[in-house]
Protein chains: 2
Amino acid sequence: MTAKNHLPEFPLTATARSSGRPTARHLAEQLGVATSTVTRAFDADSRISAKLRSRILALADELGYRPNAIARSLNRRRTGIVALVMGDMSNPFYPAVLEAFSQQLRASGQQLLLFVVPAGADADTLMPQVLQYQVDGIVVTAAKLSSHMSELCARQGVALVFLNRRVEDPTVWSVCCDNQRMAAAVADYLVQQNRHACAFISGDLQSSTTADRLLGFEQGLAVHGQRVVAQCHGGYSYEGGRAAAAQLFCAGQPAIDAVFCANDQMALGVLSYLRLNTSLRVPEDVAVVGFDDICAASYPEHALTTVHQPIEQMIACVIRLLGEGHPPGNTPALCEIPGHLVLRATA
Amino acid sequence: MTAKNHLPEFPLTATARSSGRPTARHLAEQLGVATSTVTRAFDADSRISAKLRSRILALADELGYRPNAIARSLNRRRTGIVALVMGDMSNPFYPAVLEAFSQQLRASGQQLLLFVVPAGADADTLMPQVLQYQVDGIVVTAAKLSSHMSELCARQGVALVFLNRRVEDPTVWSVCCDNQRMAAAVADYLVQQNRHACAFISGDLQSSTTADRLLGFEQGLAVHGQRVVAQCHGGYSYEGGRAAAAQLFCAGQPAIDAVFCANDQMALGVLSYLRLNTSLRVPEDVAVVGFDDICAASYPEHALTTVHQPIEQMIACVIRLLGEGHPPGNTPALCEIPGHLVLRATA
């Protein structure tokens, strides 16, 4: 049996047969027109009369017929589907990204196919499956991807964009908030508030996001002759932030008067530890600053000072870059969208 | 131009042409075999020799060729894509649902196409677009859908399952936690704790979830000769829960010694209001109980007593029902998965 025989009258009746869904052919027969005329009625740039189109659309609605978006888009050499490969749903920043991404994609006539990377795995494990869906583009966020896999995407002509991760791979785009500059601004603000012993709580030490925020924080402190006096790993989680605070503020440690966390989730864990497990007051004794500006950061019981990441603008940039395909030249292509410091009660 | 001419050699080179992706035909030509032999090498139940298959797979990997999952699945009359139509990403319960659903779908060889309903809209606005993607099934959660649209799905032979929403429509399945029974258990527990003036904070008054939780709570209190002494609307949000608490505990109101909230997000808002805006102690003066058991409910600063919803089991049930198609008989088909009460510090 050849591949051609697999496809008797695709796309008009391929999925219809078994399910009994109405097809363009059913409509054509009832109206006594060609099947292609029915399909044309759903094309904006069609050359059929308004009267005929309205007759076709009316019958389509009556029968519950819808054109096959996947088959039609394959005809146009595009599926209209963009894959989002996401590594972390527990940090509320990413559901917010997901919602904004889904809304903006649909507004641009595309749709989101979601792949969640299992905890502990990296995106590589999913890529062969992602590519089988013939997606027009792939966005990877909060997950690692090997250069082998990004080369595979390049060979297959699939646009690849990293969101909130910067990679040194010249074949892909990265879209981030200006992490380094904003972390330096946090350092500058803390020094202005007469903080002299600043600690840093990192997320994933391999992630560019943590690396850039630490580098910027160090540079911002250095301008004032200060350095990071203590550093702990928090793994981007609330529990990790709490555990890191327990290390930073356990008996016998030199006094720390400010903590900058690589994300808000960890900062909420630090606030919880300081309030429930120590007598230290926030911000009088210890200032706490996060990164992301998730919803909970603005809750009055937290009132967390943090860096706002401009999700909507970052995603608008991602969608524009997906359309442009691969970056020009042979240097890593990074789009940095400016964030801003949100001053609340914790610093 | 007819529909047939639209599809020169679909599926093997449809998307390949413009993007320059390698195709089964490229492989076939290099290996001097039929294109259908190459496609067969990717079928588990293939009748070609292991030696030939390994040669084909090796070249495929070298060239970065992957079979077209969408075209292949259309041949099998199924796309392997399930649509999730989701109304609320701000409540952490739903990102948890999304993650579990995505993982379990992939484990069953299917993939998740996500549609987020814009705030204020209902799922109807998206359905024509959802159906165009020829999905095998549609799961609707935290969103309303008209019976007109569920009939449309039935006409098109697309399985439709409501998650965490119960509908009176005999053509669709609903999968919920046993909301009514668990709400009655909350009432029973509060009365045992000598609470005599219980209030209820509702989510969306039109949603079956709030209706069932209120009904169960009322019935549970009635067993002990009590009733709900006050009721406020909180719209399922933290801010809504805070505002509802402000109404329930403002000066001049009769004393309330227990508040049951239709979800955890609202309960966190109530806790915030009681702690920051009143002198009332939790649980000494007021008991607070939520529903869902989101991550934040277990944070030590909240330690919220709540009802645990068994997300993994609920989703396993949804995926099983998607495979079964439409419910038998002509009565609304509801699957209720037992939840359980999680006792923490707030009640």
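Our subject is the structure that appears above.
Just so you know, these numbers come straight off a predicted model, no measurement behind them.

Student: Looking at this structure, I do not really get the overall build of chain A. What am I missing?
Tutor: Of the regular secondary structure elements, chain A holds 13 helices and twelve strands. Here chain A, with 347 residues, has 60% of them falling under the buried criterion. Within chain A, contacts between residues at least 6 apart in sequence are counted, and of these 68% link residues at least 24 apart. Surface accessibility of chain A: about 13300 Å² in total, with carbon and sulfur atoms responsible for 53%.

Student: Help me understand helix α2 (residues 24-31) of chain B in this model?
Tutor: Along an α-helix, residues three or four apart share an orientation, since each turn contains 3.6 residues. Residues and elements named next belong to chain B. What α2 keeps buried is the set A24, L27, A28 and L31. Buried residues along α2 cover an arc of 100 degrees about the axis, so they all sit on one side. Opposite its buried face, α2 presents the exposed residues E29 and Q30, each directed more than 90 degrees away. Lining the buried residues of α2 we find α3 (35-40) and α4 (50-63).

Student: Help me understand the pairing of strand β7 (residues 228-233) of chain A in this model?
Tutor: For a regular strand, the rule is simple: side chains alternate between the two faces of the sheet. Residues and elements named next belong to chain A. Note that strand β6 (residues 198-202) and β7 share five bridges and pair parallel. Bridge pairing in β7 links S202 to H233. Traced from β6 through helix α10 (residues 208-222) to β7, the parallel crossover comes out right-handed.

Student: What am I meant to see in the nonpolar core here?
Tutor: Most often, soluble globular proteins keep nonpolar side chains buried together rather than apart. In this structure, F101 and F217 of chain A together with F101 and F217 of chain B are the most contacted members of the largest nonpolar core, which totals 164 residues. Among all residues touching F217 of chain A, those that are not within four sequence positions of it are A183, A184, V186, A187, L190, C198, A199, F200, V228 and F260 of chain A. In terms of nonpolar packing, the next biggest core, distinct from the first, is built from 48 residues, L152 and V158 of chain A together with L126 and V130 of chain B among them.

Student: Explanation requested: unusual backbone geometry in the structure shown.
Tutor: Negative phi is the rule for most residues except glycine; trans is the rule for most peptide bonds. Residues and elements named next belong to chain A. Cis geometry marks the peptide bond from V282 to P283; its omega dihedral reads 5 degrees. With respect to the helices and strands, the residue P283 is situated in the loop between α12 (264-277) and β9 (287-289). The residue D293 is not glycine, and still its phi comes out positive at about 65 degrees. Assignment of secondary structure puts D293 in the loop between β9 and β10 (306-308). What makes D293 buried here is its relative accessible area of 18%.

Student: Even after reading the chapter, I still don't get helix α10 (residues 208-222) of chain B, so can you show me in this structure?
Tutor: Here α10 of chain B spans 21 Å end to end across 15 residues, near enough to the 21 Å set by a 1.5 Å rise per residue. Where α10 of chain B is buried, its residues contact α9 (179-192), β6 (198-202), β7 (228-233) and β8 (258-261) of chain B.

Student: Mind showing me how you'd approach the sheet that holds strand β9 (residues 287-289) of chain B here?
Tutor: Within a sheet, adjacent strands bond to each other through the backbone by hydrogen bonds, running parallel or antiparallel. All names here are of chain B. Taken in spatial order, the four strands line up as β7-β6-β8-β9 in an open sheet, and their pairing is parallel. Each edge of the open sheet carries a strand with a single partner, namely β7 and β9. Looking at each pair of strands side by side, their axes are set apart by 20 degrees on average, direction ignored. Contacts from α10 reach β6, β7 and β8 within the one sheet, and its direction differs from that of β6 by about 170 degrees.

Student: Mind showing me how you'd approach the pairing of β6 of chain B here?
Tutor: Residues and elements named next belong to chain B. For β6, the buried fraction is high: five of the five residues fall into the buried class. Here β6 shows no split at all, with C198, F200 and S202 on one side and A199 and I201 on the other all buried. Relative to β8, β6 runs parallel, the two being bridged by four bridges. Bridge pairing in β8 links C198 to A258.

Each value, and the rule that gives it
Residue positions are counted from 1 within each chain, in the order its sequence is given. Labels are handed out in written order, letters beginning with A for the chains and numbers beginning with 1 for the ligands. Selection of residues for local features in this predicted model requires a pLDDT of at least 70, selection of side-chain atom pairs for listing and counting requires 80 or more, and totals for whole chains, interfaces and linings are taken over all residues. Side-chain descriptors were evaluated using all non-hydrogen atoms of the structure, hydrogens and water having been removed beforehand. Counting from the N terminus, the helices are the DSSP runs of H or I reaching at least four residues and the strands are the DSSP runs of E reaching at least two. Throughout this description, buried means an accessible area under 20% of the type-specific maximum (1.4 Å probe, protein chains only), exposed means over 50%, and partly exposed covers the range between. Contacts: residue pairs with any heavy atoms within 4.5 Å of one another. For every accessible area listed, the method is Shrake-Rupley and the probe measures 1.4 Å; residues are considered covered only by the protein chains on display. Arc, as used here, means the arc of the directions from the helix axis to the C-beta atoms. Between any two strands, at least two bridges found by DSSP are needed for them to pair. Look down the strands so they point away from you; if the path from the first strand over the helix to the second goes clockwise, the crossover is right-handed. Each nonpolar core is a collection of buried residues, namely Ala, Val, Leu, Ile, Met, Phe, Trp, Tyr and Cys, held together in the definition by side-chain atoms within 4.5 Å. The length a helix should cover is 1.5 Å for every residue beyond the first. Every axis corresponds to a line fitted to the C-alpha atoms, with the helix fit spanning only the stretch in contact, and the corresponding angles, defined between N-to-C directions, vary from 0 to 180 degrees.

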